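# Structural characterization, general
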Amino acid sequence: MADYFLVQDGPRFEGQVRPPLAEAWRTRNFAPCRQLCAGLIPAALDYAQRYHTGPEPPLVCAVAAGLTFDRPCWRALVGEVLLFGAIDVPEFPANEAALCQLLPPVGAETSPIRQALRGSRDLTFGVATYRPDRAGYNNAADVARLADYLASVCPEAWAPEALRGLEELAEEDRADELELVREWFPVLVALYQRCRAEGHVLAIEEIY
């Protein structure tokens, strides 16, 4: 299992990506998003060539050519649009369980660190929710809020004892786990700072 952080241009995603996909779901017709798909064909073919995805063309090609609508295809299409339209897909180990121990939620609120790693809200297109519990979204306001939160965290103050809630982690391994989290945490901070500065939003998807 891996989490993909799919960095999207904020104005483009909100104005040119979400509306046609929402309309396609509402009307049960891919016509509203054929232009969107056609524009992604070069990126899709380049991806297919670089990663040897097989002989079948990407779905965006079929939709642009007139594919008939069905719900499973719509969800698969959203996944391709997120991937091929991404500005960046940064990779780093999440260590979500460790971070949630180190940065527990306040009261009954959802932990900000979990929102940073999973999204603050469902990823929706009109009335349709894309992969409930498997995909999340941080819009521009979420990105700004979480960028401030992450920048306020002081990893130097973390202690191995804070990881005692991880039952699968042996006591003698806590210090190593803590160092690993400290090593990559600045990458997460930098991602949110960069997204805020450049007007990007984040779709976060769990891939098996």
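Report on the accompanying structure. (Residues numbered from 1 in each chain as written. Predicted model: local features only at pLDDT ≥ 70, side-chain atom pairs only at ≥ 80, totals over all residues. Heavy atoms only, no water.)

### Brief notes about the pattern of salt bridges
Under the counting rule described, the total for this entry stands at 14 salt bridges. The salt bridge partner of Asp3 is Arg118, with a shortest N-O separation of 3.3 Å. You can see Asp3 sitting in strand S1 (residues 2–9) and its partner Arg118 sitting in helix H6 (residues 112–118), a full 115 residues away along the chain. The closest approach of N and O atoms between Asp88 and Arg194, which form a salt bridge, is 3.7 Å. With Asp88 in the loop between helix H4 (71–84) and helix H5 (96–102) and Arg194 in helix H8 (residues 174–198), the pair connects residues that are 106 residues apart, well separated along the chain. Residues joined by salt bridges that share partners form a network here, namely Asp3, Glu96, Arg114, Arg118, Arg134 and Glu206. (Salt bridge = Lys/Arg side-chain N within 4 Å of Asp/Glu carboxyl O. Helix = DSSP H or I, 4+ residues; strand = E, 2+ residues; numbered from the N terminus.)

### So, the packing of aromatic side chains
To describe a pair of aromatic rings, one takes the distance between the centres and the angle between the planes. Under the counting rule described, the total for this entry stands at nine aromatic pairs. Considering the side-chain rings of Trp158 and Phe185, the 5.3 Å spacing of their centres and the 75° angle between planes classify their relative orientation as edge-to-face. In this pair, Trp158 sits in the loop between helix H7 (140–152) and H8 while Phe185 sits in helix H8, placing the two residues 27 residues apart along the sequence. For the pair formed by Trp158 and Phe185, the shared burial category is buried. These aromatic residues form a ring-pair network of at least three members: Phe13, Trp25, Phe30, Phe69, Trp74, Phe125 and Tyr137. Stacked on the ring of Trp25, the Lys or Arg Arg28 has its end atom at 4.7 Å from the ring centre. (Phe/Tyr/Trp six-rings, centres within 6.5 Å; stacked < 30°, edge-to-face > 60°. Buried < 20%, exposed > 50% of the residue type's maximum accessible area, 1.4 Å probe, protein only. Lys NZ or Arg CZ within 6 Å of the ring centre and 35° of its normal.)

### Some words on H8
Its 25 residues give H8 an end-to-end C-alpha distance of 36 Å, which sits within 8% of 36 Å, the value for a rise of 1.5 Å per residue. Remark: the principal bend of H8, roughly 30°, maps to Trp184, with a proline, Pro186, within the next four residues. Turning to H8, its buried residues number three or more, namely Arg174, Glu177, Leu178, Val181, Trp184, Phe185, Leu188, Val189, Leu191, Tyr192 and Cys195. Immediately downstream of H8, the backbone of Gly199 shows phi near 75°, a positive value. (Expected span 1.5 Å × (residues − 1). Bend = angle between axes of the 7 residues up to and from the residue.)

### A word on helix H2 (residues 34–51)
Here H2 spans 24 Å end to end across 18 residues, near enough to the 26 Å set by a 1.5 Å rise per residue. Leu36, Cys37, Leu40, Ala44 and Ala48 are the residues of H2 that are buried. In this structure, the buried side of H2 is in contact with helix H1 (10–27), helix H3 (59–64) and H4. Directly beyond the C-terminal end of H2, a positive phi value near 50° is found at His52. (Contact = heavy atoms within 4.5 Å.)

### What about the side chain of Gln115?
Mapped onto the elements of the fold, Gln115 is located in helix H6. Here Gln115 falls in the buried class, since its relative accessible area comes to 14%. Here Ser120 takes part through its side chain, which lies 3.4 Å from a polar atom of the side chain of Gln115. Leaving out residues up to four positions away in the same chain, Gln115 has contacts with Thr110, Ser120, Asn138, Arg145, Leu146 and Tyr192. (Polar contact = N/O pair within 3.5 Å; in protein donor to acceptor, adjacent residues only side chain to side chain.)

### Concerning the nonpolar core
Core analysis: the largest hydrophobic core is formed by 33 residues, its most contacted members being Leu21, Trp74, Leu77 and Phe125. Of all the elements in the fold, those that place two or more residues in this core are H1, H2, H3, H4, strand S5 (135–138) and strand S6 (200–207). Apart from residues lying up to four places away in sequence, Trp74 is in contact with Leu21, Ala24, Trp25, Phe30, Phe69, Phe125 and Ala128. Residues Ala116, Val143, Leu146 and Val153 belong to the second largest nonpolar core, which totals 31 residues. (Core = buried A, V, L, I, M, F, W, Y, C linked by side-chain atoms within 4.5 Å.)

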